[in-house]
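Single-letter residue listing:
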Amino acid sequence: MKLTGWIGLCLALLAGACERGTPAGFPEQPTGQEAAESLPGFVRRDARLRVAHSGIRRLEFAALSGPGLAFDERITTDGDGHYALEPAQGLESTTIDNGSFELLHHLREGFFFRYRDFVVRDARTFARNWRVIDRGQSTLIAGRTCARFRVERALGTACAYELCVDPTTELVLASEEYDGSGSLVASMTYASIDLTPNLSRVAWHQSGNEETSLDRAHPLGEQIQARSLEPRLLPQGYVPLEAAVVRAGDDAWLKLTYCDGVQPLFFLHSIDANSLGKAAQVDGQRIGATPRSPSSVVACQVGSATTLQGTVDGFEVIAVGKVSQGELLDLLESARP
Amino acid sequence: MEQRVAQELDGDRSRRLYRVLGSLVRQAAPPGLDERVAGHFSEAPRVGDEERGRQQAEVLRALDVQPAPPVLERLLNEELELPLRHRAERFPGSLGRLAAPPELEARLNATARRRNMRRLLLAPALTLAAAGLVVWLVARQPTPEPRAHRITVVQASSLRELDPLARALAEGLSGFAGSSGEAR
C-alpha cells in the first residue's frame with residue numbers, strides 16, 4: 001500500500017474512533033429557542049422559585065487539598081419567589097467553628113441561593129454550551145423517585161453534573177459537580193422534603209446589600225455616569241447576564257455577571273470617584289476612591305473558583321469564576337480601554 | 001566525422017551517392033568483354049594513345065546498357081524528402097561503439113540498492129511516522145498558547161490576601177464559607 005493509502009486509512013480509522021455517539025433521548029443539540037424548548041423542564045425554569053417546599057439537604061465541597069467542607073442546610077421556598085436557607089446540624093470543617101459558620105452562611109444566604117446551587121440561568125445559552133444525557137435510570141431521593149440526568153459541557157472548559165430530578169416538581173433533589181479532570185467538586189442531596197410546608201414562621205431572605213440593576217441595552221457608563229470597564233473577551237461560551245451597581249459599605253462597584261448557561265462569572269470594578277458626576281451627588285454616598293497604579297492582581301483558587309483581585313488602569317477589579325486563571329486574565333485585559 | 005557532417009550540411013550529396021551506389025549489387029562484365037579487350041590490347045602497340053582511346057570508347061559503347069535499379073531511385077527520393085532525418089540516422093550508425101566503463105555499472109548497482117532500501121525500510125517508516133503524527137494531532141488536547149498579559153499576577157499564599165468582597169464571592173461561588181486554607 002502506498003504512503004497516501006496508509007495516511008488515508010489512519011484518518012478514516014481515527015475519524016471513526018473519535019466520533020461521539022448521540023446522547024440518549026436527545027438525538028441532536030440544536031441551538032436557540034427551539035433547543036431550549038426541547039430540553040427537560042428543569043432546564044427551562046427554576047423549580048425552586050415555583051414549587052413551595054421545605055427540606056433538609058446535605059452539601060459537601062471538596063478542597064484542593066485536605067478535608068473539605070460538609071454541612072446540612074434547610075431550604076424553604078413559598079413557590080412565589082421567597083426563600084430561606086438556614087444551616088442545620090452536621091458541620092464538618094477544620095477551618096471554621098459552628099458559630100462563625102452560621103453567621104457567614106446567613107450573610108451569604110442570598111448569594112448561595114442565586115449562584116451556588118445548580119440552576120440553568122439562561123436556557124438558550126445552556127442549549128448551546130451543554131449536553132443533556134438522559135441516563136434512563138431512576139433513583140430514590142428523599143422518598144421521591146427521581147430521573148437521572150448527566151449534564152456536561154459540550155464546549156469550552158470540560159465539567160459535568162450528575163442530577164437527580166423529581167419529574168413531578170422538576171426540583172433537582174441531588175446534584176454532583178465534576179471538574180474538567182473528572183474529580184468530584186461538590187455535591188448536594190436532599191435528605192427529606194416536604195411539599196406542603198408550614199410557612200407561617202419562616203424568616204424569608206432579605207437582601208443585605210443595595211443592588212441596583214442596570215439595563216445592558218444602554219451604555220453602562222451613561223447609566224452610572226462614570227467611566228466604566230467592560231470586558232470584550234469572555235471565556236468560551238459565556239454571555240452577559242446581568243449588570244448592576246452594588247454598594248458595599250462606603251464603596252460602590254459595577255457588577256457585571258456573565259453565564260455559560262449554568263455557571264456564573266463575576267466581574268466587578270470600583271466606580272471611579274473622580275469621574276463620577278451626578279450619581280455620587282444624588283445618592284450622597286462616597287463612591288470608590290481608586291488609586292492610580294500599575295495593573296496588577298492577586299490570584300487565588302478557592303475550591304473550584306478562580307479569583308483575581310487587584311488594580312487595572314486605576315480601577316479596583318475583582319473577577320471570579322469557575323474558569324482558568326488565563327481566561328480570567330484575558331477577560332481583565334480585554335476590559336482595558 | 002566533423003568534416004563529413006559539415007559537407008552534408010553544406011549540401012554536398014556526394015557521400016550519400018557513394019553510399020547508395022556502394023550498396024548496389026555489382027553486375028558482372030559480359031563474357032565478350034574480356035575477348036575484345038584482349039584483342040584490342042594485342043594490337044595496341046601499333047596505334048597511338050589517341051587512337052587507343054577512341055577505340056576503347058567504341059568498345060564501351062558497344063556494351064549493353066545496364067539501367068539503374070528502381071531501388072536507387074526510391075532511396076534517393078527518400079533522402080531528398082527528409083534529409084535531416086536520414087542524416088541523423090546515418091551518422092550515429094557510423095560511429096564506433098564504445099563499451100560502458102565499469103564505474104557506471106557499479107554506480108547503477110549502488111543506486112538500485114539504495115532504491116530498494118528506501119522502498120523496503122524508509123517508506124514504511126515514513127508511513128508510521130505520518131500515522132503517528134496524525135494520531136497525535138487528533139488525540140492531543142488543544143493547548144492554547146499562553147498569552148503575554150500586561151497585568152502583573154501575584155499568586156496569593158492565603159485567602160487573607162484577598163479583599164473581603166472578593167473572598168466572599170469566591171467562597172460563595174465555590175460553596176465554602178469561612179475557609180482559610182484552600183488557596184494555592
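Residues numbered from 1 in each chain as written. Chains lettered and ligands numbered in written order. Predicted model: local features only at pLDDT ≥ 70, side-chain atom pairs only at ≥ 80, totals over all residues. Heavy atoms only, no water.

Looking at a nonpolar patch on the surface
Residue and element names in this part refer to chain B.
Move 1: Where nonpolar side chains cluster on the molecular surface, the patch consists of Leu133, Trp136, Leu137 and Val138 and spans about 400 Å² of accessible area.
Move 2: As for its placement among the helices and strands, Leu137 is situated in helix H7 (residues 102–139).
Move 3: Accessibility expressed as a relative area gives 45% for Leu137, which makes it partly exposed. (Patch = residues over 30% accessible without salt bridge, like charges linked within 9 Å, V, L, I, M, F, W, Y side chains within 5 Å. Areas by Shrake-Rupley, 256 points an atom, 1.4 Å probe, with all protein chains shown as cover. Salt bridge = Lys/Arg side-chain N within 4 Å of Asp/Glu carboxyl O. Helix = DSSP H or I, 4+ residues; strand = E, 2+ residues; numbered from the N terminus. Buried < 20%, exposed > 50% of the residue type's maximum accessible area, 1.4 Å probe, protein only.)

Notes on the packing of helix H3 (residues 31–42) of chain B against helix H4 (residues 49–62) of chain B
All names here are of chain B.
Move 1: At a closest axis distance of 11 Å, the pairing of H3 and H4 adopts a crossing angle of 165 degrees. Of the possible angle classes, the one that applies to H3 and H4 is roughly antiparallel. Note on packing geometry: the crossing formed by H3 with H4 is right-handed. For the pair formed by H3 and H4, the contact residues are Leu33, Arg36, His40 and Phe41 on the first element and Arg52, Gln55, Gln56, Val59 and Ala62 on the second.
Move 2: Here the contact of H3 with H4 is composed, by residue class, of four nonpolar, three polar and two charged. (Axes fitted to C-alpha atoms, helices over the stretch in contact; angles between N-to-C directions. Parallel < 35°, antiparallel > 145°, perpendicular 65-115°, else oblique. Left-handed = near helix turned anticlockwise from the far one by under 90°. Contact = heavy atoms within 4.5 Å. Nonpolar A, V, L, I, M, F, W, Y, C, P; charged D, E, K, R; others polar.)

Overview of the environment of Val297(A)
Move 1: Counting through the fold element by element, Val297(A) comes out in strand E13 (residues 296–302).
Move 2: With ten residues separating them along the chain, Val297(A) and Thr307(A) place their C-alpha atoms 9.5 Å apart.
Move 3: If sequence neighbours within four positions are ignored, Val297(A) has contacts with Leu308(A), Gln309(A), Gly310(A), Thr311(A), Val312(A), Val317(A), Leu329(A), Leu332(A), Ile151(B), Thr152(B), Val153(B) and Val154(B).

Let's talk about the packing of aromatic side chains
Residues and elements named next belong to chain A.
Move 1: One pass over the structure, following the stated rule, counts eleven aromatic pairs over all chains.
Move 2: A centroid spacing of 6.3 Å and a plane angle of 55 degrees characterise the contact between Phe42 and Phe118, whose relative ring orientation is tilted. Taken together, the positions of Phe42 in helix H3 (residues 41–44) and Phe118 in the loop between helix H5 (109–116) and helix H6 (123–129) put the pair 76 residues apart, joining distant regions of the chain.
Move 3: On the accessibility criterion, Phe42 (5% relative accessible area) is buried.
Move 4: By relative accessible area, which is 10% here, Phe118 ends up buried.
Move 5: Ring geometry for Phe111 versus Tyr115: centroids 4.9 Å apart, planes at 55 degrees, classification tilted. Taken together, the positions of Phe111 and Tyr115, both in helix H5 and four residues apart, correspond to about one turn of that helix. (Phe/Tyr/Trp six-rings, centres within 6.5 Å; stacked < 30°, edge-to-face > 60°.)

Quick look at the pattern of salt bridges
Move 1: This model, assessed by the stated rule, comprises 28 salt bridges over all chains.
Move 2: Measuring nitrogen to oxygen at the nearest pair gives 3.6 Å for the salt bridge that ties Glu162(A) to Arg148(A). Taken together, the positions of Glu162(A) in strand E6 (residues 160–165) and Arg148(A) in strand E5 (residues 144–153) put the pair 14 residues apart, joining distant regions of the chain.
Move 3: Its relative accessible area of 8% is what places Glu162(A) among the buried residues.
Move 4: Linking Glu171(B) and Arg167(B) is a salt bridge whose minimum nitrogen-to-oxygen distance equals 3.3 Å. In this pair, Glu171(B) and Arg167(B) are both assigned in helix H8 (residues 164–174), four residues apart and thus about one turn of the helix distant.
Move 5: Counted as one network, the salt bridges with shared partners bring together Asp46(A), Arg48(A), Arg57(A), Glu73(A), Arg116(A) and Asp117(A).

Structural notes on the sheet that holds strand E11 (residues 251–259) of chain A
Within a sheet, each strand pairs with its neighbour through backbone hydrogen bonds, oriented either parallel or antiparallel.
Move 1: Pairing is mixed in the open sheet, where eight strands are placed in the order E9(A)-E10(A)-E11(A)-E12(A)-E15(A)-E14(A)-E13(A)-E1(B). In this open sheet, the two strands that pair with only one neighbour each are strand E9 (210–213) of chain A together with strand E1 (152–155) of chain B. Averaged over all pairs of adjacent strands, the angle between their axes in this sheet comes to 20 degrees, without regard to strand direction.
Move 2: Here strand E12 (residues 264–270) of chain A runs beside strand E15 (residues 315–321) of chain A; their pairing, made up of five bridges, is antiparallel. Note on E15(A): the bridge partner recorded for His269(A) is Val317(A).
Move 3: Helix-sheet contacts for helix H9 (residues 325–334) of chain A involve E12, E13, strand E14 (305–312) and E15 of chain A together with E1 of chain B, and the interaxial angle to E14(A) is about 30 degrees.
Move 4: Helix-sheet contacts for H8(B) involve E11, E12, E13, E14 and E15 of chain A, and the interaxial angle to E15(A) is about 10 degrees. (Pairing = 2+ DSSP bridges.)

Everything listed here is a matter of geometry and, on its own, says nothing about what the molecule does.
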